[in-house]
Structures are given as C-alpha cells and as structure tokens.
Amino acid sequence: MKHAFDHLTAADATFNEIVATYGYPTPQLREPGFAAMVHIILEQQVSIASAKATYAKLHTLLEVLTPSTALSASDETYRMAGVSRQKTAYIRDLAQRVASGILDFESLSAKTEAEVRSELLQIKGVGHWSIDVYLMFCLQSEDILPLGDIAIVNTMKEFWPDLSAAEREEKAATWKPYRTAAAYLLWHHYLRRRGRHDL
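Quick look at the structure, then. The shown structure was predicted, so the numbers you read here are calculated from the model rather than taken from an experiment.

1. Structural notes on the overall build of the protein chain
- Helix and strand content of the protein chain: 12 helices and zero strands.
- Each helix and strand of the protein chain, ordered N terminal to C terminal, gives the series α-α-α-α-α-α-α-α-α-α-α-α.
- Residues counted as buried form 45% of the 199 residues belonging to the protein chain.
- For the protein chain, contacts bridging at least 24 residues in sequence account for 63% of all contacts bridging at least 6.
- Within the structure as shown, the protein chain displays about 10100 Å² of accessible surface, and the carbon and sulfur contribution to it stands at 50%.
- One way to put it: in the protein chain the 21 positive side-chain charges average out to a point 6 Å from where the 24 negative ones average out.

2. Overview of the layout of surface pockets
- Approximately 500 Å³ is the volume found for the largest pocket.
- If you trace the largest pocket, you find 23 residues lining it, with Glu43, Val46, Trp129, Asp149 and Ile150 closest to the centre.
- Those elements that place two or more of their residues in the lining of the largest pocket are helix H4 (48-62), helix H9 (128-137), helix H10 (150-159) and helix H12 (179-193).

3. Some words on H4
- Taking 1.5 Å per residue, 15 residues should reach 21 Å; H4 reaches 21 Å between its end C-alpha atoms and fits that length.
- Listed in full, the buried residues belonging to H4 are Ala51, Thr54, Tyr55, Leu58 and Leu62. Projection of H4 onto a plane perpendicular to its axis shows the buried side chains occupying an angular sector of 100 degrees, all on one side. Seen from the open side of H4, the exposed residues pointing more than 90 degrees away from its buried face are Ala49 and Thr60.
- Positioned one or two residues after H4, Glu63 has a phi angle of 70 degrees, which is positive.

4. Observations concerning unusual backbone geometry
- Of the consecutive residues Lys176 and Pro177, the connecting peptide bond is found in the cis state with omega at 0 degrees.
- One can find Pro177 in the loop between helix H11 (165-173) and H12.
- One non-glycine residue, Gln45, lies in the positive phi region at around 60 degrees.
- On the secondary structure map, Gln45 appears in the loop between helix H3 (34-43) and H4.

5. A word on the environment of Pro25
- With respect to the helices and strands, the residue Pro25 is situated in the loop between helix H2 (13-22) and H3.
- On the basis of relative accessible area, Pro25 is assigned to the buried category, the value being 6%.
- With 41 residues separating them in the primary sequence, Pro25 and Thr66 have C-alpha atoms 31 Å apart.

6. Topic: the packing of helix H8 (residues 113-120) against H9
- Where H8 contacts H9, the axes come no closer than 10 Å and their chain directions differ by 130 degrees. Overall, the two elements H8 and H9 adopt an arrangement that is oblique. Relative to H9, the crossing made by H8 is right-handed. Between H8 and H9, the contacting residues are Glu113, Val116, Arg117 and Leu120 on the first element and His128, Ile131, Asp132, Tyr134 and Leu135 on the second.

7. Quick word on the pattern of salt bridges
- Applying the stated rule across the entire model yields 11 salt bridges.
- Where Asp143 meets Arg179, a salt bridge forms, and the shortest distance between an N and an O atom there is 2.9 Å. Placement of the pair is Asp143 in the loop between H9 and H10 and Arg179 in helix H12, with a sequence separation of 36 residues.
- Judged by its relative accessible area of 21%, Asp143 falls in the partly exposed class.

8. Describing the environment of Gln96
- In this structure, Gln96 sits in helix H7 (residues 85-99).
- Distance from Gln96 to Pro161, taken between C-alpha atoms, is 44 Å for residues 65 residues apart in sequence.

9. Considering the nonpolar core
- Counting residues in hydrophobic clusters, the biggest one holds 59 residues, and the most contacted among them are Leu120 and Trp175.
- The leading source of residues in this core is H12, at nine residues.
- The contact partners of Leu120, leaving out residues within four places of it in the chain, are Met37, Leu103, Phe105, Leu108, Val126, Ile131 and Tyr134.

Rules used in this analysis
- Residues numbered from 1 in each chain as written.
- Predicted model: local features only at pLDDT ≥ 70, side-chain atom pairs only at ≥ 80, totals over all residues.
- Heavy atoms only, no water.
- Helix = DSSP H or I, 4+ residues; strand = E, 2+ residues; numbered from the N terminus.
- Buried < 20%, exposed > 50% of the residue type's maximum accessible area, 1.4 Å probe, protein only.
- Contact = heavy atoms within 4.5 Å.
- Areas by Shrake-Rupley, 256 points an atom, 1.4 Å probe, with all protein chains shown as cover.
- Lys, Arg positive; Asp, Glu negative; His and termini not counted.
- Charge placed at Lys NZ, Arg CZ, Asp CG, Glu CD.
- 1 Å grid on protein atoms, 1.4 Å probe; cavity = no way out; pocket = protein on both sides within 12 Å on 5 of 7 lines; lining within 4 Å.
- Points joined across faces, edges and corners; volume = space filled by probe spheres on them.
- Expected span 1.5 Å × (residues − 1).
- Arc of directions from axis to C-beta.
- Axes fitted to C-alpha atoms, helices over the stretch in contact; angles between N-to-C directions.
- Parallel < 35°, antiparallel > 145°, perpendicular 65-115°, else oblique.
- Left-handed = near helix turned anticlockwise from the far one by under 90°.
- Salt bridge = Lys/Arg side-chain N within 4 Å of Asp/Glu carboxyl O.
- Core = buried A, V, L, I, M, F, W, Y, C linked by side-chain atoms within 4.5 Å.

Written out as structure tokens, the structure reads:
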C-alpha cells in the first residue's frame, strides 16, 4: 500500500503533513471470515480497545469462535464476555446464515464490491460502515472510504472545516483509486493526535 500513500502525499499537502508528522500508518490485515465479521460487529459504536477486549473475552469463553460455537453459546456466556443483547442477536444471525449456507465468506473475494455489499447487508445489524471495514481489512479493497466513521468525519472537518457532507464526498472522490489509503491516513492522524496507537 506504500505506493498509494506516496501517491496521496504527493498529490495532497494535508496527507503529506500527516506522514511528515506521524510517519506512515500500518494497514490492517485480518483473516477473512466469520470471526472477522464478529470482531467488526463488536467494534460498532465503541472504542477500539473496548471491542478488542470484548472479542478476546468471547474468544476465550468459546475456545474457538465458529458459527457452531456462537450459536450454542448461552446468553450468559455473551454477557460474561461483555457483549450486549443487541450485538448477541447480530452475532447469532450471522452465525445462522453461515451455518445454513446462505452466506459463504470464502466466495466473497471473487465478487464485486456491490455484490459483497448486497450479501453482507442481509446480516442483522450490519450496515455500510461494517461492510466498509470488512472490505478494507479482510478483502484488502483499495478504494474504500467509510464516510460513516466518526473519526474520519471529524478529521475531515478538522482539515476542511468549511465543507458540507456532500462536499466531503466530493473531496474524497479526488482520492480515487486510493481511498482506503486515505482512510488509513485520516485514522492515523486522529489516533496519534490523541496519543493513541493505530488500529
């Protein structure tokens, strides 16, 4: 992805400033599949650290995180891991879809972004932000910018305070075909400025 970072820093002074100040971000690489989507569901609307802790607890309690163990786990097990009742329902719906063969994560890498979105949107509680993250972290899609992510929106407001939501979309379009790298750079600035590590 360094070629994408280099392209963006050469084309945009803001990105050049981020790299000059904090260095390059570290892209995420997560193993595609059920467990990764569970992790993403747990990341919805909570801090990175909180989601990691909950995911680790759930993984420990279930020993192995599969559709089968997720479906057989009791409500109490999910509560012990710190998973909310709502997210428990989301995880069970995801597990049921995989266990029944409705959803095949292995097939997604050969599909278009639109096809992946169409399939994953069927999962209860999974919206475009969750799918953006899966596309970026698991399928390594190069041109995704999750404009529903509060950290990215806030960072764009910081650098370009006069832009409306529609204008932020237009701004982001200028970063094609490397919007994933742009997202990493914006996250990088957001986290480092607050004294936190990367994703």
